[in-house]
Amino acid sequence: MYSSETKITVARKPHICTSCGERIDTGDRYARWNSAEDGKWFTSKMHPECYHMHLKDAEGGRFEYTLYGHERPTTTLSLDRSPEDSHTA
Ligand SMILES: [Zn+2]
């Protein structure tokens with residue numbers, strides 16, 4: 001499976017998080033990337049906290065997830081903090 005680089009972007013219209021199925025509101029930041037599977041392009045869009053939840057479990061930065069099949073984490077993570085900072089706490 002091919003995946004593009006993940007971009008953190010601001011929603012210019014509402015989206016549905018492909019991890020938890022909840023709404024991403026206009027003006028919210030979210031993570032998006034494209035992946036190709038079976039010759040079809042699919043765009044993943046996730047809340048920052050949903051994205052970080054998957055990234056935490058990822059080996060080498062790659063992970064697979066079930067579309068709309070995950071709970072939205074209750075903790076709010078700041079994207080201004082790099083992942084490297086999190087294990088200095
Ligand atoms: Zn989500």
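It should be noted that the structure appears before, not after, this text.
Every value quoted in this text rests on a predicted model; they were computed, and no experiment measured them.

A. Spotlight on the overall build of the protein chain. A count of helical and extended segments in the protein chain gives two helices and six strands. Moving toward the C terminus, one meets the helices and strands of the protein chain in the order β-β-β-β-β-β-α-α. Per-residue burial for the protein chain yields a buried fraction of 15% across its 89 residues. Considering only residue pairs separated by 6 or more positions, the protein chain has 47% of its internal contacts joining residues 24 or more positions apart.

B. Focus on the environment of Y2. For Y2, the location among the structural elements is in strand β1 (residues 2–3). Note on Y2: 8 C-beta atoms within 10 Å, which makes it exposed. With 33 residues separating them along the chain, Y2 and S35 place their C-alpha atoms 5.3 Å apart. In this structure, Y2 is in contact with S35 and A36, ignoring residues within four places of it in sequence.

C. Up close: helix α1 (residues 48–57). Taken as a whole, α1 has its buried residues at C50, Y51, H52 and M53. The inward-facing, buried residues of α1 abut β5 (29–37) and β6 (40–46).

D. Structural view of the nonpolar core. Of all hydrophobic cores here, the largest spans eight residues; its members are C17, I24, Y30, A31, M46, C50, Y51 and M53. Secondary-structure elements contributing two or more residues to this core are β5 and α1. Broken down by element, this core gets its largest block of residues, three residues, from α1. Setting aside chain neighbours within four positions, we find C17 in contact with E22, I24, K45, M46, H47 and C50.

Rules used in this analysis
- Residues numbered from 1 in each chain as written.
- Predicted model: local features only at pLDDT ≥ 70, side-chain atom pairs only at ≥ 80, totals over all residues.
- Helix = DSSP H or I, 4+ residues; strand = E, 2+ residues; numbered from the N terminus.
- Buried ≥ 20, exposed ≤ 12 C-beta atoms within 10 Å, placed from the backbone.
- Contact = placed C-beta atoms within 7 Å.
- Core = buried A, V, L, I, M, F, W, Y, C linked by C-beta atoms within 7 Å.

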